[in-house]
Amino acid sequence: MSPLVPGTLSPTRSVPAHIPRPEYVGRKGPAPYEGPEVQSAETIEKMRIAGRIAARAMDAAAAAIAPGVTTDELDRIAHAYMCDHDAYPSDLGYRGFPKSICTSVNEVICHGIPDSTVLQDGDIVNLDVTVFIHGVHGDLNATYLVGDVDEESKLLVERTREATRRGIAAVKPGRQINVIGRVIESYAKRFDYGVVRDFTGHGINTSFHSGLIVPHYDSPYATTVMQPGMTFTIEPMLTLGTYQHDMWADGWTVVTKDRKRTAQFEHTMVVTEDGAEVLTLP
């Protein structure tokens, strides 16, 4: 298949005025997060609500995935679902991002912008959806098959999902954050997959990105000790070739340097007394 090229953007979608906006909307960037990584029971319950809406919005858009559908149409569906449930699409206006979700096709690692691009039979596409409601965010993504997909791509998607599951299973209070990446990288190496290093999981709560970094490779620097009540994402990006990337001129779309395919899955979770609870379930 030919490498992906940028499509045409549709006008910015509107959000009803009664829906509260994150503080960064209309600004160049978010205010630095200065709160704790361990959240209160009240904040965690709000994050369950945000995560549930985000998961259902993603499911609604995913149901429309088929050859001939544009990525902009997937954005429209997810945007409508979030607004219909009094939630703000966290992506919209974050550091100037122009759309409500990310749609990353084939060699796009992350942050693909929905546009006039038409999904083709045999493509894979990642939908990344984040919701802001009750003052908190819920963030998840998944990679989907479009029509009849080759076996190599199917296995990449299946194994990236499994890598995410293994990363979540590694979460335990008292362990360092780097155990997550160690488990994911060890699994990915079995298949000679690249593990993207420059884009990671992150702390999330009232802030979209709190400053906490969750690498998906074995990093000696990710020594933060997990504690009950900490909330963050795990979102490994695995590739069929190099983990290195190029950035499109739009400043957002990240593609593999060798233009080989890549897949990703993500959940937001809270550390519990004996493991992790996934907050982004429908």
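Residues numbered from 1 in each chain as written. Predicted model: local features only at pLDDT ≥ 70, side-chain atom pairs only at ≥ 80, totals over all residues. Heavy atoms only, no water.

Inclusion rule: UniProt positions are given in the numbering used here, feature names are shortened, and annotations may be inferred rather than shown by experiment.
Under an unreviewed UniProt entry, the name given to the protein is Methionine aminopeptidase, and the organism recorded is Streptacidiphilus alkalitolerans. What the UniProt record of the protein gives under Catalytic activity (unreviewed entry) is the line "Release of N-terminal amino acids, preferentially methionine, from peptides and arylamides." Database annotation for the protein, UniProt heading Subunit (unreviewed entry): "Monomer."

## A word on the UniProt feature "binding site: a divalent metal cation 1" (unreviewed entry) in the protein
Operational definition: We call two residues in contact whenever any of their non-hydrogen atoms come within 4.5 Å of each other. Pairs of N or O atoms are called polar contacts if they sit within 3.5 Å, as long as, within protein, a hydrogen donor faces a hydrogen acceptor (for residues adjacent in sequence, only side-chain-to-side-chain pairs).
Here, UniProt's "binding site: a divalent metal cation 1" (unreviewed entry) annotation points to Asp-128, Asp-139 and Glu-266. In sequence the annotated residues extend across 139 residues, while in space they remain close, none of their C-alpha pairs exceeding 8.2 Å. Leave out the neighbours within four places in its chain, and Asp-139 touches Asp-128, Val-129, Thr-130, His-202, Ile-204, Phe-208, Thr-233, Glu-266, His-267, Thr-268 and Thr-280. In terms of polar contacts, Asp-139 uses its side chain to reach the side chain of His-202, at 3.2 Å. Excluding its chain neighbours within four sequence positions, the residues that come into contact with Glu-266 are Asp-128, Asp-139, Leu-140, Asn-141, His-202, Thr-233, Ile-234 and Glu-235.

## A closer look at the nonpolar core
Threshold: Residues enter a nonpolar core if they are buried and are Ala, Val, Leu, Ile, Met, Phe, Trp, Tyr or Cys, with the set joined through side-chain atoms within 4.5 Å. Three labels apply to residues, based on accessible area from a 1.4 Å probe with only protein chains included: buried if under 20% of the type maximum, exposed if over 50%, partly exposed otherwise in between. Each helix is a run of H or I in the DSSP string that is no shorter than four residues. Each strand is a run of E no shorter than two, and both are numbered from the N terminus.
Ranked by size, the top nonpolar core spans 64 residues in total, and within it Ile-65, Leu-127, Ile-180, Phe-232 and Ile-234 carry the most contacts. Of all the elements in the fold, those that place two or more residues in this core are helix H1 (41-62), helix H2 (71-84), strand E4 (124-133), strand E5 (136-145), helix H3 (151-169), helix H4 (178-189), strand E9 (231-234) and strand E14 (267-271). Per-element accounting of this core gives the leading share, 10 residues, to H1. Apart from the residues lying within four places of it in its own chain, the contact partners of Leu-127 are Met-58, Ala-61, Ala-62, Ile-65, Leu-74, Ile-101, Cys-102, Thr-103, Leu-140, Asn-141, Ala-142 and Tyr-144. Judged by nonpolar contacts, the second largest core, of 7 residues, contains Tyr-94, Phe-97, Cys-102 and Ile-113.

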